[in-house]
Amino acid sequence: MKKKLTVVNRIVALGLAACLLAGCGNIRPSGEAAPGAAPTDNAEAAPGVASADNAETATDATAPPAPTLPVNIIDDNYRNYYEIFPGSFADSNGDGCGDLAGIESKLDYITDLGCNGIWLTPIMEAPSYHKYDTTDYYSVDPAFGTNDDFRSLADACHEKGIRLIIDLVINHSSNEHPWFKEACDYLRSLPEGEEPDLSVCPYVAYYLFSREKIDGTYCDVPGSDWYYEAVFYYTQPDLNLSNQAVAEELKKVADHWIDLGCDGFRMDAAMHYDDSSSTYNIEFLHDYYEYCLSRDPDFYMVSEVWAPEKTIAEYYASATPSFFNFDAADAEGKLIKAGRGTLGADKFVRACLEYQETFGAANPDYIDAPFITNHDMGRVANAVMSDPVALKMTAGLLLSMNGSPFIYYGEEIGMKSKGKPDENKRLHMNWSVTDTTGICKDPEGADKDIEQNFAPADEQMKDPDSLYSYYKEALAIRNAYPEIARGEIEIAEGLTDGNIAVITKTWNGESITIVYNNGDDAAEVDLSGVMDADATVAGVLCAAGSDTNISLHNSALTIPGKCIIYLK
Ligand SMILES: [Ca+2]
Ligand SMILES: [Ca+2]
């Protein structure tokens, strides 16, 4: 059973008020210096804005600890997700392969970062290293552990307020799945020209067999005159989801994982269930989600429809909560472009408004699922040539978006990938270069010569200016103000142009203003009319380092280049 947490509301009101009265400005989690949020020497800094003297006080050993941001984590399906490829994350038993017990040992790392959701790429038994080709929908692959390990991980996640979702790969199974093997054996045994008898071998109807090679996605059944559909690869035969027996089987699969403590599914390749009919796919998602909800009223579903925004909007008619936002993702997506500064902040916020309008029109309860890159893409560090400013800016933009953002493991420490092979996108998590505990081997087939450009996690965790610390600050701000994930976006039109953008998000009677500057130069923005005159700085995410200069005076905000400022 999942542990139901009610609203966690640890507002450190006294500390916050004391801070604002003292003018100590930038609000930091856990007494850490805010990365990139440097003090200014502006003597006229308004309350809530850092000044040099106060910053010195804050780092003085005798001074009281810096106040923390409020924590307002709501137990709903808006989450900060952390995507893990289990084989490369953390190894608990020294065999070099990451496993579920290893992930359990790292839950504190994930919660400390500020995430409260985990997506595991496939964990079910499968011959490949990536496991997108299952041979058993009911068992954890032995390389990753056991079903008991999964239950233990789920229980540990729930103790910490983390929801655990798993990849569900049902467009296809492995060609080594017993269903497929039995079907192929049967077809091979048929006398020439004889039609299959489904009462003898029902598994023939589990896949899409044909005597015709219908198109290039059909592969030979070796030793017979039959073909089967395999949209991705010959080792991944497409399942016939229209077969009622398959549909019933998949309900049992849902029951099984929900009973083990799984909180949701990431639906792999959902637009390929039936390549010829999005209507079919949308209905399938709807029905399957409804079934899962009947088993767990909080069940979450996020689906992969790797397609333009318009198509994703169409799929929201399924009334399933989330689809990955591929428009914002990848090297040519809006996040990385805006992070690099090649797309103005104005165009970025207009895209965010458009998501709200197009996705919201199809499903008013939609939860956007933005991400920078995932296991199928070159890492963001490659796309921005390991420029730390662009990496921070891209992360800051992601974590200012509505919905449930997904962070791909290692992204928070700037890990890179290399070239085309997927193995190179799934390298071992770079925990440490001095402590080998839990370090995994890279997947077989990955290049051996990939050296990371940034320090490992253990070093970055101690460095307030690191990319890790920037992610942590951005997530802390997000966890302080629920309207960042849930609020209705309004653009301050007169102030939004080129590299400057100003939006307000409102939810549940609370509003927050976000000012973006993704240009190189500082700018002054007059926020009168956008927010209350007594609004103060609630969060600062400056990507460009310590020589920043922030001031807020009579609603006139000075914002450095490559900076995001939250005001309330
Ligand atoms: Ca292991
Ligand atoms: Ca299919």
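As the structure is a prediction and not an experimental result, all values here were calculated from the model.

1. Observations regarding the overall build of the protein chain
Move 1: Looking only at helices and strands, the protein chain features 16 helices and 22 strands.
Move 2: For the protein chain, with 568 residues in total, the buried portion stands at 51%.
Move 3: At a minimum sequence separation of 6, the contacts of the protein chain that also span at least 24 residues come to 67%.

2. Thoughts on the sheet that holds strand β19 (residues 537-542)
Move 1: Strand order in the open sheet formed by five strands is β15-β16-β17-β22-β19, and the pairing between neighbours is antiparallel. Lying at the two open borders of the sheet, with one neighbouring strand each, are β15 (488-491) and β19. Averaged over all pairs of adjacent strands, the angle between their axes in this sheet comes to 20°, without regard to strand direction.
Move 2: Bridging between strand β17 (residues 510-517) and strand β22 (residues 563-567) involves five bridges; their strand directions are antiparallel. Among the inter-strand pairings, Asn 517 is bridged to a residue of β22, identified as Cys 563.

3. Description of the pairing of strand β21 (residues 556-559)
Residues in a regular strand project their side chains so that they alternate between the two faces of the sheet.
Move 1: The sheet contact formed by strand β18 (residues 523-526) and β21 spans four bridges and is antiparallel. Within the sheet, the bridge partner assigned to Glu 524 lies in β21 and is Thr 558.
Move 2: Relative to β21, strand β20 (residues 551-553) is paired through three bridges, and the arrangement is antiparallel. Bridge pairing links His 553 to Ala 556 in β21.
Move 3: The turn joining β20 and β21, which pair antiparallel and follow one another in sequence, is formed by two residues; a positive phi near 50° is taken by Asn 554.

4. Describing the packing of helix α13 (residues 388-398) against helix α15 (residues 467-480)
Move 1: Remark: α13 packs on α15, axes separated minimally by 10 Å, with the N-to-C direction vectors making an angle of 15°. The orientation of α13 relative to α15 falls into the category roughly parallel. Between α13 and α15 the crossing geometry is right-handed. When α13 is examined against α15, the residues Pro 388, Leu 391, Lys 392, Ala 395 and Gly 396 are found in contact with a partner set consisting of Leu 467, Tyr 470, Tyr 471 and Ala 474.
Move 2: Class assignment for the residues of the contact of α13 with α15 results in seven nonpolar, one polar and one charged.

5. Some points on the pairing of strand β16 (residues 500-507)
Move 1: Here β15 runs beside β16; their pairing, made up of four bridges, is antiparallel. Counted as the bridge partner of Ile 489 is Lys 505 from β16.
Move 2: In the sheet, β16 pairs with β17 via eight bridges, with the strands oriented antiparallel. Residue pairing for β17: Ile 503 is matched across the bridge by Ile 514.

6. Here's the deal with the sheet that holds strand β11 (residues 264-267)
Move 1: Read from one edge of the open sheet, seven strands run β13-β12-β11-β7-β4-β3-β14, paired in parallel fashion. Because the sheet does not close on itself, it has two edges, and the strands there are β13 (322-323) and β14 (406-408).
Move 2: Two strands pair when backbone bridges link them, and strand β7 (residues 163-168) and β11 are joined in this way by four bridges, in the parallel orientation. Paired with Leu 168 across the bridge in β11 is Met 267.

7. Thoughts on the environment of Glu 283
Move 1: By secondary structure assignment, the location of Glu 283 is in helix α8 (residues 278-295).
Move 2: Taking the C-alpha atoms as reference, Glu 283 lies 9.5 Å from Ala 319; in sequence the two are 36 residues apart.

8. Considering the nonpolar core
Move 1: Grouped together as the largest cluster of nonpolar side chains are 159 residues, with contacts concentrated most on Ile 118, Ala 183, Val 515 and Ile 565.
Move 2: Here this core gets nine residues from one element, more than from any other, and that element is α15.
Move 3: Each residue touching Ala 183, except ones within four places of it in the same chain, is listed here: Cys 201, Tyr 203, Val 204, Tyr 206 and Tyr 207.

9. Considering the environment of Thr 235
Move 1: Assignment of secondary structure puts Thr 235 in the loop between β10 (227-229) and α7 (244-259).
Move 2: For the pair Thr 235 and Pro 127, spaced 108 residues apart in sequence, the C-alpha separation works out to 9.8 Å.

10. Thoughts on the packing of α7 against α8
Move 1: Contact geometry for α7 and α8: axes closest at 10 Å, N-to-C directions at 35°. α7 and α8 meet at a crossing whose hand is right-handed. Contacts between α7 and α8 pair Leu 250, Lys 251, Ala 254, Asp 255 and Ile 258 from the former with Tyr 288, Tyr 291, Cys 292 and Arg 295 from the latter.

11. Structural notes on the environment of Ser 210
Move 1: On the secondary structure map, Ser 210 appears in strand β8 (residues 209-210).
Move 2: The exposure class assigned to Ser 210 is partly exposed, which follows from the 13 C-beta atoms found within 10 Å.
Move 3: It is 5.2 Å that separates the C-alpha atoms of Ser 210 and Tyr 227, two residues lying 17 residues apart in sequence.
Move 4: With sequence-adjacent residues up to four places away left out, Ser 210 is seen in contact with Tyr 218 and Tyr 227.

Each value, and the rule that gives it
Here the residue numbers are simple positions, counted from 1 along each chain's written sequence. Chains carry letters from A onward and ligands carry numbers from 1 onward, assigned in written order. Where local features are concerned, this predicted model is filtered to residues with pLDDT of at least 70; where side-chain atom pairs are given and counted, the filter is 80 or more; whole-chain, interface and lining totals use all residues. Under the DSSP-based scheme used, a helix requires at least four consecutive residues in state H or I and a strand at least two consecutive residues in state E, with every element numbered from the N terminus. Residue burial is a threshold on neighbouring C-beta atoms within 10 Å of the residue's own C-beta, all placed from the backbone, with 20 or more meaning buried, 12 or fewer meaning exposed, and counts in between meaning partly exposed. Here, residues touch in the contact sense if the C-beta positions derived from the backbone fall within 7 Å of one another. When DSSP locates at least two bridges between a pair of strands, those strands are taken to pair. Lines fitted to C-alpha atoms define the axes here, with helix axes fitted over just the stretch in contact, and angles between the N-to-C directions of these axes take values from 0 to 180 degrees. Roughly parallel covers angles under 35 degrees, roughly antiparallel covers those over 145, roughly perpendicular covers 65 to 115, and oblique covers all other angles. Handedness of a crossing is defined here by the sense of rotation of the near helix relative to the far one, left-handed for an anticlockwise turn of less than a right angle and right-handed for a clockwise turn. Three classes are used: nonpolar for Ala, Val, Leu, Ile, Met, Phe, Trp, Tyr, Cys and Pro, charged for Asp, Glu, Lys and Arg, and polar for all others, with Gly counted as polar. Definition of nonpolar core: a set of buried Ala, Val, Leu, Ile, Met, Phe, Trp, Tyr and Cys residues joined via C-beta atoms within 7 Å.

Keep in mind that these numbers describe shape and distance, not what the molecule does.
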